[in-house]
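Architecture at a glance
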Amino acid sequence: MSFRTAFYAVLTLIAAAAASSCVENDREMGKGILPEGFIPELGVKTFDVPVTNRVSDSVQASNSSNMLIGTLSDPVFGTVTCNAASFIVPYSDSTDFGDSPELLGAYITLSIDSTYFLDNSQEGIHQRVRIYKLTHALDTVMMFCNSITPEYYDPVPVTVSDPVIYGTGEIRVDLTDEFASELLATTPEEFEDFDLFFNRIYGLYIEVEQPLTTSASGGRLNYLNLGYSSINLEYRRDIERNGGIETIDTTESFVFGYYTAINNFSTTSSHLESNNPGDSLYLEGLTGIKPHISALSLKSMIDGWITSEELADYAVLISRAELSFPYMAPEDYERFDKEHPAIIYAFTSVPWATDTLRFYNPLEEVYNISNIGSINRSEMAYNMDITSYIQQLMNTDVSAIDSSLDLWIAPMSARTSSYTGSTYYSFNNHDYNKIILHGPTSDRKPVLTITYALTER
């Protein structure tokens, strides 16, 4: 029997005995459950969290559900800007344009499935976008939100005019003859083999125009579900019919938004960064500012506690470690319900290329706990279990700790597979949220509460 199992068994027996006051106190109760001489001492320790506020230049941005475009501004956090790129793919796998098809024209239909806005007055505002032809293939290397830079697309738009979007629904925009001619050059082999098509037609990039002012509150984000936007190519060709040649007008369709999208987004909340936050602690989704906890600082804090309370001669076994982040009472509950994240959790990151180019993963124990950082409205706090992480940190030598073990507190998405029924957790890179938490100098500061047991070594 493991220590933890035995320990909880003893607690259960003690609780049962205490509840039955009319029963004779049997001091032999529980004898034999734990090994001889194995007497645990239970304790609870609460720490002030050594938290800072930091931003990352980049986070993962691949999305298998939608393209995200738009801008949203806030006087505190600044402006978030979202652009998107995705593949084009033919609907047909057997079309043959013939020898000399005549181009009549082409247009793209953008289908906006849903929108996100905080002020009702912003629901139908106009937002101008530009659509460009990608000049490089989208591949697995381009996984970050700043992977698509100006050299990855042609600076001349493929649309006759700059589209203006007003929210949900469809918008039709005429395409230039130059780009339409590239689609009309698709061979039967490219229709049959998507890889051949992708080697020539890389996809499109949608860029939103910046708002005139970014200091006021306003804006809207627009979601284009993959597979619902399309390109219609109209052309004329000669066909053999009834023993002669007949000229017909026809249309070929292509999907814009196939399989996956790369959502390029940026935020401007770096002015809120601080190594010594005060009463406020800021948390913003996507690349925005987030609470950051240094693994080295946590290790030093816990080691200092063990030394100061003379626990070095004991084995400290963590029963539970819980992070709690209280949030500030909102002035406008309707707005708060729109903008706060439903779940925040602790993530570690893998650095690539630079210190701030990161791929975030939730702690693996998220699949084995019930306290995953969901908002607790009665306590006005987010509470999350990080027990295994803390135990691992305690057992790791300082020399082996680097920034990849640092904790970033960020919005988390939970998706349940319709095929397996399993729930999968990941860094939320498709929703925009923000919230102001209580900081380290607040009366309701962030804390780490450790429930532990001591045994002699």
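Anything mentioned here points back to the structure above.
This is a predicted model, so every value here is computed, not measured.

Re the overall build of the protein chain
Tallying secondary structure elements over the protein chain gives 7 helices and 25 strands in all. Looking at the protein chain as a whole, 49% of its 457 residues qualify as buried. Sequence separation of 24 or more characterises 80% of the internal contacts of the protein chain that already satisfy a separation of 6 or more. Summing over all exposed atoms, the protein chain offers an accessible surface of approximately 22200 Å²; the carbon and sulfur share of this is 48%.

Points about helix H7 (residues 387–394)
Of all 8 residues in H7, 6 are buried, a share of seventy percent or more. Those residues of H7 not exposed but buried are Thr387, Tyr389, Ile390, Gln391, Leu393 and Met394.

Structural notes on helix H2 (residues 177–184)
Along H2, the positions that sit buried rather than exposed are Phe179, Ala180, Leu183 and Leu184. Across the axial projection of H2, the buried residues extend over an arc of 145 degrees, all falling on one side.

Points about the environment of Arg172
Position of Arg172 relative to the elements: it lies in strand E10 (residues 169–174). In sequence terms Arg172 and Thr109 are 63 residues apart; their C-alpha atoms lie 4.5 Å from each other. Each residue touching Arg172, except ones within four places of it in the same chain, is listed here: Tyr107, Ile108 and Thr109.

Here we look at the pairing of strand E14 (residues 244–266)
Looking along a regular strand, one sees side chains alternate from face to face of the sheet. Here strand E3 (residues 62–63) pairs with E14 via 2 bridges, running antiparallel. Counted as the bridge partner of Asn63 is Ala261 from E14. Of the strand pairs in this sheet, strand E5 (residues 78–90) and E14 are connected by 10 bridges, and their pairing is antiparallel. Counterpart to Val89 in the pairing with E14 is Val255. Relative to E14, strand E13 (residues 229–241) is paired through 13 bridges, and the arrangement is antiparallel. Following the sheet pairing, Arg237 is matched in E14 by Ile248. Following E13, the chain reverses through 2 residues before pairing antiparallel with E14; Asn242 in that reversal takes a positive phi of roughly 55 degrees.

Quick look at the pairing of strand E17 (residues 314–326)
With 10 bridges joining them, E17 and strand E25 (residues 447–456) adopt antiparallel strand pairing. Pairing of Ala321 across the sheet is with Ile450, part of E25. The sheet contact formed by E17 and strand E21 (residues 381–385) spans 5 bridges and is antiparallel. Along E21, the bridge assignment pairs Ser324 with Asn383.

Describing the pattern of salt bridges
Counted according to the given criterion, the structure contains 18 salt bridges. Close ionic contact of Glu102 with Arg236 constitutes a salt bridge, the shortest N to O distance being 3.5 Å. Of this pair, Glu102 sits in strand E6 (residues 102–112) while Arg236 is found in strand E13, placing the two residues 134 residues apart along the sequence. Its relative accessible area of 40% is what places Glu102 among the partly exposed residues. The exposure class of Arg236 is partly exposed, given its relative accessible area of 28%. Several salt bridges share partner residues, and in doing so they unite Asp74, Asp119, Arg335, Glu339 and Lys434 into one network.

Observations regarding the side chain of His438
As for its placement among the helices and strands, His438 is situated in strand E24 (residues 434–438). A distance of 3.5 Å separates a polar side-chain atom of His438 from the backbone oxygen of Tyr327. Setting aside chain neighbours within four positions, we find His438 in contact with Asp279, Leu281, Pro326, Tyr327, Met328, Arg444 and Pro446.

Criteria and thresholds
Residues numbered from 1 in each chain as written. Predicted model: local features only at pLDDT ≥ 70, side-chain atom pairs only at ≥ 80, totals over all residues. Heavy atoms only, no water. Helix = DSSP H or I, 4+ residues; strand = E, 2+ residues; numbered from the N terminus. Buried < 20%, exposed > 50% of the residue type's maximum accessible area, 1.4 Å probe, protein only. Contact = heavy atoms within 4.5 Å. Areas by Shrake-Rupley, 256 points an atom, 1.4 Å probe, with all protein chains shown as cover. Arc of directions from axis to C-beta. Pairing = 2+ DSSP bridges. Salt bridge = Lys/Arg side-chain N within 4 Å of Asp/Glu carboxyl O. Polar contact = N/O pair within 3.5 Å; in protein donor to acceptor, adjacent residues only side chain to side chain.

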